[in-house]
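# Observations on the model geometry
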Amino acid sequence: MIYLDNAATTALSESARNAMEPYFSTHYGNPSSIYRFGQEARKAVEESRQSIAALLRVSPREIYFTGGGTESDNWAISSVALESALKKEKSAHLITSAIEHPAVLRTCAFFESLGVKVSRIPVDQKGFLDLEALERALQEESSLREREERSFPSKSGEEVKKGASHCLVSVMAANNEIGTIENLKEIGRLAKEYGAIFHTDAVQAFGQIPLDIEEMRIDLLSASSHKIHGPKGVGLLYIRKGLKLPSFLHGGAQERGLRAGTENVPGIVGFAAAAKEAFSSMEERGRKKASLRNLFFKRLMEEIPGAKISGVNPAEAEGIGERPESPFLSSLHHRLPGNVHICLPGVEGESVLLLLDQKGICASSGSACASGSLEPSHVLLAIGKSHEEAYFGLRLSLEETLTEEELEYTVEAIREAVEKLRG
Ligand code: PLP
């Protein structure tokens, strides 16, 4: 079987499995208990927190474990929306992109249905956020606030910031369908300039590309364990020190009282082990994957008439919006190293998937939520594809272990499937 769907979910890494094992048996204590058996589990949770914090170069007190990326996104967004409601200030303003994962888009839509203002910033044809549109949304928010402050001056006479803590900018670090890596440094700079809180859904980026929380001025960051060969159902939310947010889950005092509930000890330990491995081999794996990705695109373009690359074409990316962050990041050409996405005009992605499955190839037509739902991909629509074209997507997620023979076998299988379906 050739696994090309969210490749990291194929297998738990050996180091994660080994690290987790004792916490299912000999160290099965509850970290909230004061006896030694429980304290072993507490120590494991805190060591995992320290280890992940060190990888992100933040304080362990800024890392909160969650049940995965979806929960972290929900927490980040709802906390800002609820904080304004609790302070009985002006309602929150959620500014997000049109290509976010449903965990962000649907959470924003839910708060919009409750009356919260939501702005969806467009992206260009490659999937890059329109930075001017973002600045306009932030400017509008800031002048609205200034007008309000003039009508209702604050009692303390404090100077009003350009923006407001009720304004959240939530933009993903890298897109899960077309792999575009956003310019977080510039987005963070704009968010800060206007005093907004900056959240990034880094589920696809964590452990795959460098993320500099300080330089990118990130206040909140979501990550998930299963994208880096860690266990499923565990993730984290980074919350910048000093940001006062209400509790997300109410109950016990776990996670500094913000996210109640007995910790998933084996999951957290496995997440930390997988993260350590992912970060230590990030560049080496990334370079291998990017070179396979480039070869895949080349071969697909050669073999499949009419196939179009969605997002950034690495072969033509030289010089576009150069960001001198790191030589490794530049070498990826603004696209996740393991992401291949093409549109196959006249052929529905879902039909190709079924034929590929018969040949032992597991792929995807796009986001997990869109596939199977017969909804066109919102990401493809946002990058300017027609409603019809938005059904023609095929996404392949590569692991560095993919061989060139497997790559050629897959290209041939796609070519045959397309030929068959085009009749
Ligand atoms: N955000 C992005 C960008 C994702 O790709 C995913 C999962 O694919 C999620 C959020 C949801 O993460 P989880 O499956 O851990 O809930």
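Each value, and the rule that gives it
Residues numbered from 1 in each chain as written. Predicted model: local features only at pLDDT ≥ 70, side-chain atom pairs only at ≥ 80, totals over all residues. Heavy atoms only, no water. UniProt positions renumbered as here; feature names shortened; annotations may be inferred. Helix = DSSP H or I, 4+ residues; strand = E, 2+ residues; numbered from the N terminus. Rg over C-alpha atoms; globule rule 2.2 N^0.38 Å. Buried < 20%, exposed > 50% of the residue type's maximum accessible area, 1.4 Å probe, protein only. Areas by Shrake-Rupley, 256 points an atom, 1.4 Å probe, with all protein chains shown as cover. Lys, Arg positive; Asp, Glu negative; His and termini not counted. Charge placed at Lys NZ, Arg CZ, Asp CG, Glu CD. Pairing = 2+ DSSP bridges. Axes fitted to C-alpha atoms, helices over the stretch in contact; angles between N-to-C directions. Contact = heavy atoms within 4.5 Å. Salt bridge = Lys/Arg side-chain N within 4 Å of Asp/Glu carboxyl O. Polar contact = N/O pair within 3.5 Å; in protein donor to acceptor, adjacent residues only side chain to side chain. Core = buried A, V, L, I, M, F, W, Y, C linked by side-chain atoms within 4.5 Å. Domains from an automatic or database assignment. Near = heavy atom within 4 Å. Nonpolar A, V, L, I, M, F, W, Y, C, P; charged D, E, K, R; others polar.

Looking up the protein chain in an unreviewed UniProt entry gives the name cysteine desulfurase, with the organism given as Oribacterium parvum ACB1. As its UniProt record puts it under Sequence similarities (unreviewed entry), the protein chain is described as follows: "Belongs to the class-V pyridoxal-phosphate-dependent aminotransferase family. NifS/IscS subfamily." Quoted verbatim from the Catalytic activity (unreviewed entry) field of the UniProt record, the comment on the protein chain reads "(sulfur carrier)-H + L-cysteine = (sulfur carrier)-SH + L-alanine".

### Examining the overall build of the protein chain
In terms of helices and strands, the protein chain carries 12 helices and 12 strands. For 423 residues, the compact-globule formula gives about 22 Å, and the C-alpha radius of gyration of the protein chain, at 22 Å, lands near that figure. Projected onto its principal axes, the C-alpha coordinates of the protein chain cover approximately 70 × 60 × 40 Å. Evaluated residue by residue, the protein chain yields a buried proportion of 54% over its 423 residues. Of the roughly 18,500 Å² of accessible surface on the protein chain, 53% is carried by carbon and sulfur atoms. With 49 positive and 59 negative side-chain charges, the protein chain shows a separation of 5 Å between the mean positions of the two kinds.

### Quick look at the sheet that holds strand 6 (residues 197–201)
If you trace the seven strands from one edge of the open sheet to the other, you get 2-8-7-6-5-3-4, paired in mixed fashion. The open sheet has two edge strands, strand 2 (63–66) and strand 4 (117–121), and neither has a second partner. Each strand of the sheet is rotated relative to its neighbour by a mean of 20°, with strand direction disregarded. As defined by bridge partners, strand 5 (residues 167–170) adjoins strand 6 across three bridges and the pair is classed as parallel. Across the sheet, the residue bridging to valine 169 is phenylalanine 198, located in strand 6.

### So, unusual backbone geometry
Note: most residues except glycine have negative phi, and most peptide bonds are trans. With phi around 55°, arginine 256 is a residue other than glycine that occupies positive phi space. As for its position among the elements, arginine 256 is in the loop between strand 8 (235–239) and helix 7 (265–280).

### Quick look at the environment of isoleucine 342
Looking at where isoleucine 342 falls in the secondary structure, it is placed in strand 10 (residues 339–343). By relative accessible area, which is 0% here, isoleucine 342 ends up buried. In this structure isoleucine 342 touches Phe297, Leu300, Met301, Lys308, Ile309, Ser310, Phe392, Gly393 and Leu394, once residues within four positions along its chain are discounted.

### Side note on the sheet that holds strand 9 (residues 308–309)
What the three strands build is an open sheet, ordered 9-10-12; its pairing is antiparallel. The sheet is open, and its two edges are formed by strand 9 and strand 12 (393–397), each paired on a single side. The pairing of strand 9 with strand 10 spans two bridges and is antiparallel. Across the sheet, the residue bridging to lysine 308 is cysteine 343, located in strand 10. Helix 8 (residues 282–303) rests against strand 9, strand 10 and strand 12 of the sheet, and its axis sits at about 20° to strand 10.

### Structural notes on the side chain of glutamate 62
Looking at the secondary structure, you find glutamate 62 in the loop between helix 2 (36–56) and strand 2. Although glutamate 62 lies buried, it forms no salt bridge, and the closest oppositely charged side chain, arginine 240, sits 5.4 Å away as judged by the N-O distance. In terms of polar contacts, glutamate 62 uses its side chain to reach the backbone amide nitrogen of lysine 241, at 2.9 Å. Excluding its chain neighbours within four sequence positions, the residues that come into contact with glutamate 62 are Leu237, Tyr238, Ile239, Arg240 and Lys241.

### Notes on the nonpolar core
Of all hydrophobic cores here, the largest spans 69 residues; its most connected members are Ile52, Leu134, Leu138, Val169, Phe206, Leu221 and Leu236. Element by element, the count of residues in this core is highest for helix 7, at nine residues. Split by domain, the residues of this core number at least three in each of domain 1 (2–10 + 282–422) and domain 2 (14–279). Those residues in contact with leucine 134 that lie beyond four places of it in its chain are Ile95, Ile121, Leu129, Val169, Ile187 and Leu190. Ranked by size, the runner-up nonpolar core spans 29 residues in total, among them Ile309, Val340, Leu353 and Leu396.

### Concerning the site of the ligand
Surveying the vicinity of the ligand reveals 13 residues, the closest of which are Thr70, Asp201, Gln204, Ser224 and Lys227. Taking aspartate 201, its side chain carries an N or O atom lying 2.6 Å from a nitrogen atom of the ligand. The side chain of histidine 226 places a nitrogen or oxygen atom 3.0 Å from an oxygen atom of the ligand. For the ligand, whose unbound accessible area comes to 390 Å², protein coverage reaches 87%. Looking at the shell around the ligand element by element, the count peaks at three residues for helix 3 (residues 69–87). In terms of residue class, the shell around the ligand is built from two nonpolar, eight polar and three charged.

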